[in-house]
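Here's the letter readout for the chains.
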4 protein chains.
Amino acid sequence: MGSSFGDLFRVSTFGESHGGSVGVIVEGCPPRLEIDLEKIQEELDRRRPGQSKITTPRKELDQVEILSGIANRETLGTPIAMIVRNRDQRPSDYKEMKNIFRPSHADGTYHLKYGIQAPSGGGRASARETIGRVAAGAIAKQLLQKVQNTQILAWVKRIHNIEAEIDINTIGFADIESNIVRCPNQDVAKLMIQRIEEISRDGDSCGGLIECVVRNVPAGLGMPVFDKLEADLSKALMSLPATKGFEVGSGFRGTFLKGSEHNDAFIAGDKNRLRTATNNSGGIQGGISNGEPIILRVGFKPTATIRKDQQTIDSEGKQITLASKGRHDPCVLPRAVPMVEAMVSIVLADHLLRQRGQCSLW
Amino acid sequence: MGSSFGDLFRVSTFGESHGGSVGVIVEGCPPRLEIDLEKIQEELDRRRPGQSKITTPRKELDQVEILSGIANRETLGTPIAMIVRNRDQRPSDYKEMKNIFRPSHADGTYHLKYGIQAPSGGGRASARETIGRVAAGAIAKQLLQKVQNTQILAWVKRIHNIEAEIDINTIGFADIESNIVRCPNQDVAKLMIQRIEEISRDGDSCGGLIECVVRNVPAGLGMPVFDKLEADLSKALMSLPATKGFEVGSGFRGTFLKGSEHNDAFIAGDKNRLRTATNNSGGIQGGISNGEPIILRVGFKPTATIRKDQQTIDSEGKQITLASKGRHDPCVLPRAVPMVEAMVSIVLADHLLRQRGQCSLW
Amino acid sequence: MGSSFGDLFRVSTFGESHGGSVGVIVEGCPPRLEIDLEKIQEELDRRRPGQSKITTPRKELDQVEILSGIANRETLGTPIAMIVRNRDQRPSDYKEMKNIFRPSHADGTYHLKYGIQAPSGGGRASARETIGRVAAGAIAKQLLQKVQNTQILAWVKRIHNIEAEIDINTIGFADIESNIVRCPNQDVAKLMIQRIEEISRDGDSCGGLIECVVRNVPAGLGMPVFDKLEADLSKALMSLPATKGFEVGSGFRGTFLKGSEHNDAFIAGDKNRLRTATNNSGGIQGGISNGEPIILRVGFKPTATIRKDQQTIDSEGKQITLASKGRHDPCVLPRAVPMVEAMVSIVLADHLLRQRGQCSLW
Amino acid sequence: MGSSFGDLFRVSTFGESHGGSVGVIVEGCPPRLEIDLEKIQEELDRRRPGQSKITTPRKELDQVEILSGIANRETLGTPIAMIVRNRDQRPSDYKEMKNIFRPSHADGTYHLKYGIQAPSGGGRASARETIGRVAAGAIAKQLLQKVQNTQILAWVKRIHNIEAEIDINTIGFADIESNIVRCPNQDVAKLMIQRIEEISRDGDSCGGLIECVVRNVPAGLGMPVFDKLEADLSKALMSLPATKGFEVGSGFRGTFLKGSEHNDAFIAGDKNRLRTATNNSGGIQGGISNGEPIILRVGFKPTATIRKDQQTIDSEGKQITLASKGRHDPCVLPRAVPMVEAMVSIVLADHLLRQRGQCSLW
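All of these numbers come straight from a predicted model, not from anything done at the bench.

**So, the pattern of salt bridges**
Line of reasoning, step 1. Per the stated rule, a full pass over the model turns up 110 salt bridges over all chains.
Line of reasoning, step 2. The partner of Lys235(B) in a salt bridge is Asp227(A), with the nearest N and O atoms 2.9 Å apart. Within this pair, whereas Lys235(B) is found in helix α7 (residues 229-238), its partner Asp227(A) is found in the loop between β10 (208-215) and α7 (229-238), the two belonging to separate chains. In this pair, the class of Lys235(B) matches that of Asp227(A), namely buried.
Line of reasoning, step 3. One salt bridge in this structure joins Arg182(C) and Glu177(C), with 2.7 Å as the shortest N-O distance.
Line of reasoning, step 4. Overlapping salt bridges bring together Asp7(A), Asp227(A), Asp232(A), Asp350(A), Arg354(A) and Lys235(B) as one network.

Structure, rendered in structure tokens:
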């Protein structure tokens, strides 16, 4: 528990930021799925820090190594184990902090729960645990693409208080990847980059909002009551580090509307999916996908590590001033985009396998 | 899957709106917990429609019947089964709709997924399935109260666009239950009731926002990575009918701030919990409760059933005008308050047992 | 945990022998399966005590009541809840025993684990909890029969040291049900009945062996490594009360043979199944069903409740002589036959749903 | 599913016999448990083929590499990932067999279920997948030893039809490890080795029986109904390759006795455990451990790979004579001893954590 996610498409991650490797086992991927191995590495590259001037200078190669489950570029139907070795670490940055509880980090609660802090850089709370998720998500993406040409796209919609207008029906992967902040609105992207640089020079950090759309959704995914599709998606996304909120479809905006304004009228669809005139439902009704695009948003808080002095305590309760001199990632949002896509893919893959199992016998 | 929630404190619900009973099995509640049976009924009464002028006139007695797991007002440590019989139904209201897909209801997706619609009133998508959740939540609440005097309180913070200022540190259960809209700000509550009545007379519906605080939280609940406490809470709440969004702590507002503005500095706590100067974390850091109050918000869309004509299709794809003549609940928020408390209680009970085991609490 | 079994076809039971009802929720049964309700009652009748001179005189009607999940004799795809009310109990038989640990009963361990004994007759350890299993198994049987005309048959092969020769390829349900000891060899059945009556008059009890065959097995059920089909079957059967051992195919006898004597040579089969010249594998190879009949055996110990004086202790550790005056079931085997069939059916139904989900996408 | 075992102490294995690595993730091990790393390697060495004249000549070093979860010889409370690289393989031995279904192997069923055979040597059905289990079991053993000085000992009781008399109360690890067949009765061990060599020279194989005792069992482990301790133990053991049967306590022998002969009378124990005069229960009553030693037996069929000609078919259904020229392990029992201990340890660790929680053991 805790390090596993999913039932039929199950993902189990491991690894601290210091020590051998981080990695993942993906269980339940059906056999004979062609796997494009380069695409797995590409997703990991998207996640990696140190790619641009606005992210952490920590340089890791993050080369994925596949230990099992794939042969001749095809899945065997057996568990797929993938690892990435940890290479670059600076224990000196973290030594001083061993007994200091960094504000809004996991140090305090880990110490309370476990009686120890993992040495160096956050251990299991470190963003490096997301490597396993992204590798697993890459497999899930290819499964969904094969079955229904499903496309999962996420992007940065807002950084700090700079928000972009986006037409979710027309944007594509190239628009998102064309700048270092992963905002498909090129003009606003420039403003976002400037804001991040300002805030970074100031030794501070910022958060924002990521939006995600899923196209060609297999209809019928999700279970009534507890495993509603939006419920599993929200758990998946709220399990990412630094998240503060989740929305589906019209989100909180929709809660200001009246029923007559918010309802999505049905229009003629086909045997395999429904069509609606509007899509406030965000593609999910009664907890089940209807075939319309799924639309989600996730809010990220500003990174807790900053280069300003902060008041805090150590593990003995003593007041102390913390001046962080180490690496400083002023804004995690661009790197979180592939993480969001990965988690969404994993949830959809899991529900796909459940659907085909339980509702396809006759 | 789908109808079960939790691992060590597991809740499995059953029952459609038409047909014998709805109910729940609660598995994993430790033995020798004194149960106040009347409190279970009180929670169900809070959930029940037809209590006031602003809710559905459907009259159900919803008397809970305990079939197992409790003897002499004490838990046995065995599964606790509780049922509520369905008494009042109006099949004639629903007959006409058997093949019509009501907009923003689950009809369409259920038909797509299962090939059938449950007869009468939404089947498993009906809000009556929440009876089981609320009964189970009542057990969870008593467990948490015994272990740490934990208190879970939810209230209506906003109806349509009427929002109340609330001091979450001082409000109590009596404030919330003192009016039919469950808003602890009495002045704003009056405005809310007026708004709901207006909208109802117009045959329309509205949504809003529920807020929830948990006091005396056992620290150390939650698992790093996938079963972060806020992740499980978000899944639990987003599994309630009609939800559109979830927030923890500072929520989306916090995503507009900088790290220096958002971080919660630690101050001296004690052996069993941490203390912070501010609480943007909402009581959860690194996915684990720190002992500060947990603060959550859930957004609800306007009820899909309205008494205005709507364009839609039937199960054969034919365009049709739907004029709903049946019951009409203009606003589900007041009834959803006990549902929110129930789901939060269930998640906390589950994590408590994971942290401390099933037979070692006392 | 503990009271639930299965993943995609999940069975959760509840109920003590004293108090409201025993029952079960079956989750995951696909929709639109026609259910013969009378067959569910028939299976419960087979399980019921007091049917004949050789079993417990406790008279219960055990009428099943379906609370959800089935409408118009068809499954809805929602959880199926079934209960049976407890009517006949003799608390006076059990009062005296409240603090006495009956030898080879669960009294001692329950007290140790939970700190309490469920009042009257064994609580959750009582054989009445098997009612829920048998009802769920009846649903599973009908699912398997619809999908592949799968037939699950169990019978008593040995009582005490009286063993019957059985041709597993030719026997049928009628042979088994034609006598009260459920042994399809009529001559040996008579000897078995005599033996049970002798032992019963003596105030003692006996055990024996149940054998089970599954015909028209869907091939491909079972997962390599941990969820091998025989592993799940063994857990299911060893979870029945009073079991001491489990065998598949050639069983322990096969462990005396050499490879050349034990291997099953393949012969020509067809697209959907394999054929073997012999069947020491018992229909399962590498943990996966091959299409040949599955053959299992379960050993049951003699019933622990006897009408002879026994030395034991009470919950305070004091030595005491126990003279049981209450009901006395000298041999549980005939009643256990439907329990064995039920558990086998549940496991196969679960694996069927997993197989169709994970390996049927293309 | 399928490749994971356990709930709170969860073990997920991966790896085929050909290709990168085999390995395991152990999730849920509490933090701050001192780990003797050499003991993990010792267990793997016990499992390894090619150690003596009676086992497979395949030489693998099987050096374990720990990737996460342990630092400074202490568990972190995070998932522990361990891998062993595959070094020695002879693809030429297996090439010829790609489309031939070896009798009593998993080839046929895997082909049926998945549509492919994993290349070379059995893939996931290969005994190399047990490496992960044994490594995980080594962790579980150390956990149980720390908590209660629990000792898990298994040995070979019978090879072919040569059975040893063993006093389970007095034997120790040294007795078992003192000969290559792992039978603690030295005289019978010599006979066993002779028998295996005879059978091997003949190109044939044999099976037998492994017995296991657990001393200093924590009482109270196991859940009533479905997760009875013996049920989980039977699943764990029946999931090992080549198993045919499972017994607990008096086993099938006990099913021949009467209640007065079989019941275990209670004698005075203490607060933390029960004592019985006899132990036909094998340490488990009502599905829960009582503190008496747990006694189990597992039967293994003769290895399916032999060096005699066999009739079989290929994947197109064509009759073919298979003459296996490759490696030949005439008897798997000695190597299976550490596998049995590992699985028993894993089940007990899981139930221990359920009973006592994950963070409260010390």
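**Side note on the environment of Val217(A)**
All names here are of chain A.
Line of reasoning, step 1. Within the fold, Val217 resides in the loop between β10 and α7.
Line of reasoning, step 2. C-alpha separation for the pair Val217 and Lys308, spaced 91 residues apart in sequence, amounts to 45 Å.
Line of reasoning, step 3. With near-sequence residues (within four places) excluded, Val217 lies in contact with Gln148, Ser289, Gly291, Glu292, Pro293 and Ile294.

**So, the interface of chain C and chain D**
One frequently used descriptor of interface size is the decrease in accessible area upon assembly of the parts.
Line of reasoning, step 1. Every contact between the two is made by 107 residues of chain C and, on the other side, 106 residues of chain D.
Line of reasoning, step 2. Between chain C and chain D, the buried area comes to about 7,900 Å², and carbon and sulfur atoms account for 62% of it.
Line of reasoning, step 3. Among the residues chain C hides against chain D, the three largest losses belong to Phe226(C), Lys244(C) and Phe266(C). Together they make up 11% of the total.
Line of reasoning, step 4. At the surface where chain C touches chain D, the tally comes to 4 salt bridges.
Line of reasoning, step 5. Partitioning the side of chain C that touches chain D into residue classes produces 42 nonpolar, 43 polar and 22 charged.

**Section: the relation of the copies chain C and chain D**
Line of reasoning, step 1. Its rotation angle being 180 degrees, the transformation that places chain C on chain D also includes 0.0 Å of axial translation and leaves an RMSD of 0.1 Å. Taken together, the turn and the small shift mark the pair as related by a two-fold rotation axis.
Line of reasoning, step 2. Taken together, the interface assignments show that 99% of the residues at the interface of chain C recur at the interface of chain D, consistent with an identical surface on both copies.

**Remarks on the nonpolar core**
Line of reasoning, step 1. Phe9(A), Phe9(B), Phe9(C) and Phe9(D) are the most contacted members of the largest nonpolar core, which has 340 residues in total.
Line of reasoning, step 2. The contact partners of Phe9(D), leaving out residues within four places of it in the chain, are Val26(D), Glu27(D), Cys29(D), Ala136(D), Ile139(D), Ala140(D), Leu143(D), Ile346(D), Ala349(D), Asp350(D) and Leu353(D).

**Describing the packing of aromatic side chains**
Line of reasoning, step 1. Within the structure shown, the criterion is met by 10 aromatic pairs over all chains.
Line of reasoning, step 2. Relative to Phe266(B), the ring of Phe101(A) has its centre 5.8 Å away and its plane inclined at 65 degrees; by these criteria the two rings are edge-to-face. A residue pair is termed interchain when its members come from two chains, as with Phe101(A) in the loop between α2 (91-95) and α3 (107-114) and Phe266(B) in strand β12 (residues 266-270). Across the pair, Phe266(B) and Phe101(A) agree in class, each one buried.
Line of reasoning, step 3. Their ring planes at 40 degrees and their centres at 5.5 Å tell us that Phe226(A) and Phe5(B) sit as a pair that is tilted. Of this pair, Phe226(A) sits in the loop between β10 and α7 while Phe5(B) sits in strand β1 (residues 4-5), which puts the two residues in different chains.
Line of reasoning, step 4. Judged by relative accessible area, which is 0%, Phe226(A) ranks as buried.
Line of reasoning, step 5. One Lys or Arg, Arg158(A), reaches over the ring of Phe256(B) and ends 3.6 Å from the middle of that ring.

**Brief notes about the packing of helix α4 (residues 130-148) of chain D against helix α10 (residues 333-356) of chain D**
All names here are of chain D.
Line of reasoning, step 1. Direction vectors running N to C along α4 and α10 enclose 50 degrees, while the axes themselves pass 7 Å from each other. The pairing of α4 with α10 is recorded here as oblique in orientation. Note that α4 runs across α10; the crossing there is left-handed. Of the residues in α10, those touching α4 at Thr130, Arg133, Val134, Ala136, Gly137, Ala140, Lys141, Leu143, Leu144, Val147 and Gln148 are Pro338, Met339, Glu341, Ala342, Met343, Ser345, Ile346, Leu348, Ala349, Leu352 and Arg356.
Line of reasoning, step 2. In terms of residue class, the contact of α4 with α10 is made up of 14 nonpolar, 4 polar and 4 charged.

**Side note on the confidence of the model for chain A**
All names here are of chain A.
Line of reasoning, step 1. Counting all residues, the mean pLDDT for chain A is 88, and 88% of those residues have values of 70 or more.
Line of reasoning, step 2. Scored below 50 in pLDDT, residues 92-96 makes 6 contacts in the model with residues more than four places away or belonging to other chains.
Line of reasoning, step 3. Segment residues 118-122 is flagged for pLDDT under 50; beyond a separation of four residues in sequence, or across chains, it makes 15 contacts in the model.
Line of reasoning, step 4. Model confidence for the complex: the whole-complex pTM is 0.93, and ipTM, which rates the interface, is 0.93.

**Here's the deal with the sheet that holds strand β11 (residues 243-248) of chain B**
Line of reasoning, step 1. The strand order across the open sheet formed by 10 strands is β9(A)-β8(A)-β10(A)-β16(A)-β11(A)-β11(B)-β16(B)-β10(B)-β8(B)-β9(B), and the pairing between neighbours is antiparallel. At either margin of the open sheet sits one strand with a lone partner, and together these are β9 (162-163) of chain A together with β9 (162-163) of chain B.
Line of reasoning, step 2. Examined bridge by bridge, strand β10 (residues 208-215) of chain B and strand β16 (residues 294-300) of chain B share 7 bridges and lie antiparallel to one another. Across the sheet, residue Gly208(B) finds its bridge partner in β16(B), namely Phe300(B).

**Thoughts on the packing of helix α1 (residues 37-47) of chain B against helix α10 (residues 333-356) of chain B**
All names here are of chain B.
Line of reasoning, step 1. Packing of α1 against α10 brings their axes to within 7 Å, and their N-to-C directions diverge by 140 degrees. The orientation of α1 with respect to α10, classified from their angle, is oblique. Contacts from Glu43, Arg46 and Arg47 in α1 reach Arg335, Val337, Pro338, Met339 and Glu341 in α10.
Line of reasoning, step 2. Across the contact of α1 with α10, the residue classes break down as 3 nonpolar, no polar and 5 charged.

**Points about the UniProt feature "binding site: NADP(+)" in chain A**
Line of reasoning, step 1. Under the local residue numbering, the UniProt record ascribes the feature "binding site: NADP(+)" to Arg47(A).
Line of reasoning, step 2. Residue placement: Arg47(A) occurs in helix α1 (residues 37-47).

**Describing the pairing of strand β13 (residues 273-276) of chain B**
Residue and element names in this part refer to chain B.
Line of reasoning, step 1. Side-chain alternation along β13 places Leu274 and Thr276 on a buried face and Arg273 and Arg275 on a face that remains uncovered.
Line of reasoning, step 2. Direction of pairing for β12 relative to β13: antiparallel, over a ladder of 3 bridges. Paired with Phe266 across the two strands is Thr276, which belongs to β13.

Calculation notes
In this convention, every chain numbers its residues from 1, walking through the sequence in written order. Chains carry letters and ligands carry numbers; both start at the beginning, A for chains and 1 for ligands, and go up in the order they are written. Local features are withheld for residues below a pLDDT of 70 in this predicted model, meaning they are given only at 70 or higher, and side-chain atom pairs are given and counted only at 80 or more; totals for whole chains, interfaces and linings count all residues. By convention in this description, side-chain values take in all heavy atoms of the structure and omit both hydrogens and water. Throughout this description, the term salt bridge denotes a Lys or Arg side-chain nitrogen within 4 Å of a carboxyl oxygen of Asp or Glu. Helix numbers and strand numbers start at the N terminus; a helix is a DSSP run of H or I with at least 4 residues, a strand a run of E with at least 2. Here's how the labels work: a residue is buried when its accessible area is under 20% of the maximum for its type, exposed when over 50%, partly exposed in between, all with a 1.4 Å probe on protein chains only. By definition, residues are in contact when any of their heavy atoms lie within 4.5 Å. Buried area: the sum, over both parts, of the accessible surface (1.4 Å probe) that disappears when the two are put together. Classification used: nonpolar for Ala, Val, Leu, Ile, Met, Phe, Trp, Tyr, Cys and Pro, charged for Asp, Glu, Lys and Arg, polar for all others including Gly. When the copies are superposed, the least-squares fit draws on C-alpha atoms of residues that have pLDDT of at least 70 in both. Within this scheme, the nonpolar core is defined by two criteria: the residues are buried Ala, Val, Leu, Ile, Met, Phe, Trp, Tyr or Cys, and they are joined through side-chain atoms within 4.5 Å. Here the aromatic set is Phe, Tyr and Trp, taking the six-membered ring for Trp, and pairing holds for ring centres within 6.5 Å; pairs whose planes are under 30 degrees apart are stacked, those over 60 apart are edge-to-face, and all others are tilted. Only Lys NZ and Arg CZ are tested; either one counts as a charge over a ring when it is within 6 Å of the ring centre and within 35 degrees of the ring normal. Orientation is described by axes fitted as lines to C-alpha atoms, over the contacting stretch for helices, and by angles from 0 to 180 degrees between their N-to-C directions. With respect to orientation, any angle under 35 degrees is reported as roughly parallel, any angle over 145 as roughly antiparallel, any angle of 65 to 115 as roughly perpendicular, and every other angle as oblique. Handedness of each helix crossing follows the sense of rotation of the near helix against the far helix: counterclockwise by less than a right angle gives left-handed, clockwise gives right-handed. Confidence of the predictor at the level of single residues is captured by pLDDT, which takes values from 0 to 100. A pair of strands is considered paired only if DSSP assigns at least 2 bridges between the two. UniProt positions are given in the numbering used here, feature names are shortened, and annotations may be inferred rather than shown by experiment.

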